[in-house]
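# A closer look at the structure
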Amino acid sequence: MFHAASSSARATGPSSAPQQGAPTAQAQSAAQVVPRPRAPQPDKPPAKQRDAFFDNAKYLAIVLVAMGHSWEPLKSGHRTLEAAYMFVYAFHMPAFILISGYFSRNFDMRPDRLRRLLTGVVVPYVVFETGYVLFKRAVGGDPDLAISLLDPWYLTWFLIALFIWRLTTPIWRLVRWPVPLAILIAMLASVSPDIGDDLDLQRVLQFLPFFVIGLSLKPEHFEALRGRTARLVSVPVLVAGLAVAWWAVPRMNATWFYHRDSAQELGMPWWCGPVMVLALLGCSLLLTAGFFAWVPGRTMWFTTLGAGTLYGYLLHGFFVKAADYRGWYDQAWLHRPLGEVSVTLAAGVLVTALCSPPVRKVFRFVMEPEMTWAFKRDAATLARERARA
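Heads up: these notes are all about the structure in this document. If you're wondering where the values come from, they're calculated on a predicted model, not measured in any experiment.

### Focus on the nonpolar core
- Counting 96 residues, the largest nonpolar core has Trp157, Trp165 and Phe292 as the members making the most contacts within it.
- In terms of residue count, helix α3 (residues 52-71) provides more of this core than any other element does, twelve residues in total.
- Residue contacts for Trp157: discarding those within four places in its chain leaves Met93, Ile97, Pro152, Trp165, Asp200, Arg203, Phe207 and Tyr313.

The following block contains the structure:
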């Protein structure tokens, strides 16, 4: 850059030879008066291109999340719907968490990244945890429900879990065998009923392996799932998953898929906890791989909605809970095949709308607040601003 600046000055400055009829001293004086041109500033690097595959995967996963939540009041006594519910719950959150881990690979304690963690995770957690409690007080007929930021309610557990997982990312990048260690922690949590409900630590610890696996993945792993062979192999895997879910409906407690209780709390012997952690981990990873195999890698009409999946996740719960509180699910026709299909489609349309740019624009002040007033300006940022000036 220094050489470029010098060359530019020589090219645009006055000639070094004395002009005819003008003394050399005057030429040198003029050269001192003429300002030297500023060295050209390097162009800003282009904005990082979003990968359509991951945006598509996030959108399709959040649609499955919303559909699964809409089935909860309808599935009792309906084996087909319960099987679909178990099948979807086996992989929709693992897929989300795995992607979250993959995009947390470069997280460190740099001030700007910590700020984004606070504004993009902690602030929405506080707002929506409070909002859901107030909503249940006003609409759900529970005026005495306490607001507790230590006991996540309904959907907000994912935010506090993401906060904890991401803060521990440097540790997982440091240890030699992160995935086996995370699995061991999940197994120990499954036999620890004394963990309690604070920060929903059972879920944080039992879902931890999916986040750590995501941290350990590389782009080529996802590329391997996007080929023709992977799609062909995934078909029998997904069909087998549906068959196992159908078989398991009368034989298995679906609460295992929530990962929020220890084995003892589910009325099972302690050794069932580690066994179920390993079994569900294997099943979830197979189904998640099968799901990824069918996610399109090209830009689709819904690709842009993948950037707003957290909006859809947190906002759709108000509609699901309102329908439950107000007894909308009590209508008999909703418990028939046509009603169940209608509820499923309505949930998909609703969450699609909640991921859209207009909704994101309205709620950005809550979900992605700037909050520059709340943070000190670190030395690196100030240095970059001085360099640009």
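### Some thoughts on a nonpolar patch on the surface
- A contiguous nonpolar patch, built from Val126, Leu134, Ile147 and Leu149 and spanning about 290 Å² of accessible area, is present on the exposed surface.
- With respect to the helices and strands, the residue Ile147 is situated in the loop between α6 (111-139) and α7 (157-167).
- Look at Ile147 and you get partly exposed, because its relative accessible area is 39%.

### Brief notes about the packing of helix α15 (residues 309-325) against helix α16 (residues 337-354)
- Where α15 meets α16, the closest approach of the two axes is 8 Å, and the angle between their N-to-C directions is 130°. Overall, the two elements α15 and α16 adopt an arrangement that is oblique. By crossing handedness, the relation of α15 to α16 is classed as right-handed. Of α16, the residues touching α15 (which contributes Tyr311, Gly312, Leu315, His316 and Phe319) are Leu350, Val351 and Leu354.

Definitions and cut-offs
Residues numbered from 1 in each chain as written. Predicted model: local features only at pLDDT ≥ 70, side-chain atom pairs only at ≥ 80, totals over all residues. Heavy atoms only, no water. Core = buried A, V, L, I, M, F, W, Y, C linked by side-chain atoms within 4.5 Å. Buried < 20%, exposed > 50% of the residue type's maximum accessible area, 1.4 Å probe, protein only. Helix = DSSP H or I, 4+ residues; strand = E, 2+ residues; numbered from the N terminus. Contact = heavy atoms within 4.5 Å. Patch = residues over 30% accessible without salt bridge, like charges linked within 9 Å, V, L, I, M, F, W, Y side chains within 5 Å. Areas by Shrake-Rupley, 256 points an atom, 1.4 Å probe, with all protein chains shown as cover. Salt bridge = Lys/Arg side-chain N within 4 Å of Asp/Glu carboxyl O. Axes fitted to C-alpha atoms, helices over the stretch in contact; angles between N-to-C directions. Parallel < 35°, antiparallel > 145°, perpendicular 65-115°, else oblique. Left-handed = near helix turned anticlockwise from the far one by under 90°.

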